[in-house]
Amino acid sequence: MLVVNRILRRAVDRRGDETGAALVAIIIVMFFGFAVVTAVTASVMFTIQSNVGNRSSTQAYIAAESGRDAAVDRLNSAVASNGTFSCNSATLTGVGAKPDYAFTIYSTNSDIRPSKATDPGVAQACPTFDSKFVVIHSVGTDPRGGSATLDAVYPWLVSYEQQAGGVLAYFAGGVTSTVSNYTGDLVVRSGNYSCANEGTINGDLYVTHGSVNLSRECTVNGNIWARNAVDASSQKITVTGDIKAGGTVTAVSNGSTFGKLVGTTHTGGNIQSGADIKLDSTGSVDGKVHGSLSAAGQVRIGGSLPTSGTTGYTGNKWAVTGSLTYPTALPPFDPSLDFIKEITSWIDLDATSGWNAAEDLPACALTSAQITGRMTDATPGPIIFNYMNCSSVSTDITLTGTSVTPTKDVLFLAPPQKRMNISIETKLSGGKQIVFMHADASRALVSNETSPTCQNPDTANQKDTFSIGTGKSVSGVKLMIYSPCGLTGNINESFVGQLYSNDTGGVKFNNGATYTCALMSWPDAFEKLGCKVRGEGEDVVIETVLIQRPGDRAYQTEIVTTP
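Residues numbered from 1 in each chain as written. Predicted model: local features only at pLDDT ≥ 70, side-chain atom pairs only at ≥ 80, totals over all residues. Heavy atoms only, no water.

**Q** So what exactly am I meant to see when it comes to the overall build of the protein here?
**A** When its secondary structure is counted, the protein shows four helices and 44 strands. The buried share among the 563 residues of the protein stands at 44%. A separation of at least 24 residues holds for 56% of the contacts in the protein among residues at least 6 apart in sequence. On the protein, roughly 25700 Å² of surface is accessible, and the fraction owed to carbon and sulfur atoms is 53%. (Helix = DSSP H or I, 4+ residues; strand = E, 2+ residues; numbered from the N terminus. Buried < 20%, exposed > 50% of the residue type's maximum accessible area, 1.4 Å probe, protein only. Contact = heavy atoms within 4.5 Å. Areas by Shrake-Rupley, 256 points an atom, 1.4 Å probe, with all protein chains shown as cover.)

Written out as structure tokens, the structure is:
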């Protein structure tokens, strides 16, 4: 400002007025304004350039993360539904565009977590059963040439898990009167279960949301799992397997036996309770337990409390071979009862279920002889006999003749709005499947579950009928009767397959006839319809599989970022 004042005084001295000073002042103001504008412009340009650089870095980093996620998806997709992990050199690398990335997958068998792909022991190789970690090296780039590189580390998880390998035969309503003629596991999905006097279950019993009551001389040739209590306080109860219950387990001696003696080996008979175990001393014949007793509450035998930790107990009309342990927590059900309920949910089947037949034949005008003729001819299968558009009041399916040996799988397709009546009046043989299906009327969920929906015309939803005549043996052929409306009828000969209905209480087994559940499959309608929840055999629907997969990300290193 001193310089400016000096210039102004000189201008006044020379001109005698202030004209020159004003001109100089204007020039100075312009100078300062230009300087300010220049500074602001430079600042803005710097900010713009910085933002462009930041955006470049951000886009590149997002691209690198996208590559990382794509690599994880690649590993997960290499695991098949049965747990098999399939990996080769092509699995280990990948590229993507918009965003642009390239990834490489590494693995290590070391128990020490690596931090980057170049750590010792880390190699570009497929993870195996022995691998402990995988490292994903991902490079992302943006359109301006910026790049970001990161290494992400994931634990490699190897475990054996149980999963549903199919669905189980469905039972609901009226199971009590049917299962004494049934071989296969029984799952009661809601409510309690009562075994009728002298009833027999040839398989495991699962009561997922209720209790079990075993009446006089009831026999369970298998295990019992119940969410709540098990009451076996009648005489001569036999359970050849184990009992596991969330509630109290009660039994009376009086000739009851839990487990069995095979030669000199005691098998089964282990009773576990989430509450108490009460073995009362009633009757003239002692009771036997071929296994151990464990309870979260107390173990009482004949009113007394034997010492916990005792092995081998005899007294109060009971003989226990194994140990007595209480109080001890009830081990979890494995698989859980909720999971068992889930895999026994109703299958909604109808005309659109994907039957993949070689021929879909209108059957309204066909005679029984014409139907059996097509079942046994040399044309390819499967074949559908379709009654969906028939004008008849009911769908009547009758197989007659001396003997019929199907040469292909057969489906009889009945509409939802009519009663289905099945009558087998011929011998059946051979190794094929015959499915009688009353189409379910709706796929709508009920209480968030699939559910049978009957549309038979009368207000009572009249049940379908299924009968096998006397002397009409069924050998080798698997029969499936599917009805969302329930079934009645007389079964005079034994058969194997699937009796799949929401109510089989009206079906009567005569002359010693039995129903043996058997594995059936008709892709894509149903892949595997089994008969056993656990154990061994092709019809077991819960499978133990080896699972290999990446776990949650444990570490990540951003190697370099170049804007």
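**Q** Please clarify how the sheet that holds strand 6 (residues 182-183) should be interpreted in this entry.
**A** Read from one edge of the open sheet, eight strands run 6-40-38-36-33-31-29-28, paired in parallel fashion. Looking along the sheet, the strands with just one partner apiece sit at the ends: strand 6 and strand 28 (359-362). One ladder, built from five bridges, connects strand 31 (residues 410-414) with strand 33 (residues 433-438); its direction is parallel. Following the sheet pairing, Leu 413 is matched in strand 33 by Met 437. Relative to the sheet, helix 4 (residues 368-376) contacts strand 28, strand 29 (383-386), strand 31 and strand 33, its axis offset from that of strand 29 by approximately 165°. (Pairing = 2+ DSSP bridges. Axes fitted to C-alpha atoms, helices over the stretch in contact; angles between N-to-C directions.)

**Q** Please explain the state of the cysteines as it appears in this structure.
**A** Cysteine pairs can be covalently joined through their sulfur atoms, and such a bond is termed a disulfide. In the structure shown here, the tally under the stated rule is five disulfides. Linked covalently through their sulfurs, Cys 87 and Cys 126 form a disulfide whose S-S length is 2.0 Å. Disulfide Cys 87-Cys 126: torsion about the S-S bond near -80°, hence left-handed. One end of the pair, Cys 87, is in the loop between helix 2 (19-77) and strand 1 (93-96); the other, Cys 126, is in the loop between strand 2 (100-108) and strand 3 (133-141), with 39 residues separating them in the sequence. Under the relative-accessibility criterion, Cys 87 is labelled partly exposed at 23%. Here Cys 195 is linked by a disulfide to Cys 218, with a sulfur-sulfur distance of 1.9 Å. Judged by the torsion about the S-S bond (105°), the Cys 195/Cys 218 disulfide is right-handed. (Disulfide = S-S within 2.5 Å.)

**Q** Looking at this structure, I do not really get unusual backbone geometry. What am I missing?
**A** Among all residues except glycine, the phi angle is most often negative; among peptide bonds, the trans geometry is most common. Cis geometry marks the peptide bond from Lys 98 to Pro 99; its omega dihedral reads 5°. For Pro 99, the position within the fold is in the loop between strand 1 and strand 2. The residue after Asp 334, namely Pro 335, is reached through a cis peptide bond having omega 5°. Its identity is not glycine, yet Lys 98 carries a phi of approximately 50°, on the positive side. Looking at the secondary structure, you find Lys 98 in the loop between strand 1 and strand 2. For Lys 98, a relative accessible area of 79% puts it in the exposed group. Backbone geometry at Glu 217 places phi at a positive 60°, although glycine is not the residue there. The residue Glu 217 is located in the loop between strand 11 (212-214) and strand 12 (219-220) in this model.

**Q** How should I be thinking about the pairing of strand 27 (residues 318-325) in this particular structure?
**A** Side-chain direction in a regular strand flips from residue to residue, so the side chains alternate between the two faces of the sheet. Of the strand pairs in this sheet, strand 23 (residues 287-289) and strand 27 are connected by three bridges, and their pairing is parallel. What sits directly across from Val 289, in strand 27, is Val 320. Pairing of strand 24 (residues 293-295) with strand 27, which is carried by two bridges, proceeds in the parallel orientation. Directly across from Ser 294, in strand 27, lies its bridge partner Thr 325. The sheet contact formed by strand 26 (residues 311-315) and strand 27 spans four bridges and is antiparallel. Bridging from a neighbouring strand, Tyr 313 pairs with Val 320 of strand 27. Taking the residues between adjacent antiparallel strands as the criterion, strand 26 and strand 27 are bridged by two residues, where Asn 316 takes a positive phi near 50°.

**Q** Before we go on, may I ask you to explain the sheet that holds strand 17 (residues 249-252) in this structure?
**A** Note on sheets: strands pair through backbone hydrogen bonds, and any given pair is parallel or antiparallel. Spatial strand order, 8-11-14-17-22-25: six strands in an open sheet with parallel pairing. Single-partner strands in this sheet number two, and they are strand 8 (193-195) and strand 25 (299-301). Strand-to-strand, the axes of this sheet are offset by a mean angle of 5°, without reference to chain direction. One ladder, built from three bridges, connects strand 22 (residues 277-280) with strand 25; its direction is parallel. Residue pairing across strands places Leu 279 opposite Ile 301, the latter belonging to strand 25.

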